[in-house]
Amino acid sequence: RIGDSFWRTSNQNYLWNNNFGFYEAVSLSFQTIIPVDYDDSMGLQISGGFAYNILTNDILDFDFNTGPHISIFGHGIVFGIESDLHVKFLPKRRFSPVVGFITNYDFYSSLKAIEYITKIKTTTYDNNYTVTEPYTETVEHEIQKYAYFCILPYISFCINLW
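The rules we used
Residues numbered from 1 in each chain as written. Predicted model: local features only at pLDDT ≥ 70, side-chain atom pairs only at ≥ 80, totals over all residues. Heavy atoms only, no water. Helix = DSSP H or I, 4+ residues; strand = E, 2+ residues; numbered from the N terminus. Buried < 20%, exposed > 50% of the residue type's maximum accessible area, 1.4 Å probe, protein only. Contact = heavy atoms within 4.5 Å. Core = buried A, V, L, I, M, F, W, Y, C linked by side-chain atoms within 4.5 Å. Pairing = 2+ DSSP bridges. Axes fitted to C-alpha atoms, helices over the stretch in contact; angles between N-to-C directions.

Just checking my understanding: could you explain the environment of Thr138 for this structure?
The topology assignment puts Thr138 in strand E8 (residues 130–141). The exposure class of Thr138 is partly exposed, given its relative accessible area of 38%. Counting along the chain gives 24 residues from Thr138 to Ile114, while the straight-line C-alpha distance between them is 6.5 Å.

Sorry if this is basic, but what is going on with the environment of Gly21 here?
Mapping Gly21 onto the fold places it in strand E2 (residues 20–30). Assessed through its relative accessible area of 9%, Gly21 is described here as buried. Taking the C-alpha atoms as reference, Gly21 lies 8.6 Å from Gly49; in sequence the two are 28 residues apart. When near neighbours in sequence (up to four residues on either side) are disregarded, Gly21 contacts Asn13, Tyr14, Leu15, Trp16, Gly49, Phe50 and Ala51.

Is there a simple way to explain the nonpolar core in this structure?
One broad trend across soluble globular proteins is that nonpolar side chains are buried collectively. Residues Phe73, Val78, Leu111, Tyr146, Tyr148, Cys150 and Leu152 constitute the largest nonpolar core, which totals seven residues. The element contributing the most residues to this core is strand E9 (residues 148–159), with three residues.

In this structure, what is going on with the sheet that holds strand E6 (residues 95–109)? I would like to understand it.
The strand order across the open sheet formed by seven strands is E1-E2-E3-E4-E5-E6-E9, and the pairing between neighbours is antiparallel. Both outer strands of the open sheet, strand E1 (7–15) and E9, are each paired with one neighbouring strand and no more. Across the sheet, the axes of successive neighbouring strands diverge by a mean angle of 20°, strand direction being ignored.

Below is the structure:
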């Protein structure tokens, strides 16, 4: 189970001779710590920070973005740092394919770790009939230390506004 986004919208704004600027991104992400309620595992990730244009010509456009992010889930938050290195093909056109990868390093989580323990339940009825069956019990643990690192390659599509 990969714990990151399946949908992301990102915007880069370049200033100072179109080399330096800032970016912001919004993602729908999945948490890496498996919760008790699987429907509550999706959250909103908000990112922003520094953007640098490495190279631009008529065929390719290399960009690097880095900055902090926060992921907000129904029962906790995750803080981290992300970096995005990508290349746009046909950058001078209105539409362009994009290939890149995002590295995420998360260092704080207020989520709880869930441990699943299998136990045996024995029920004895009046006529000395005994039924033994396994069941799963969940135990929540506070996270004392937290570090998560992942590299997420992607292929996307870019719309250049100007």
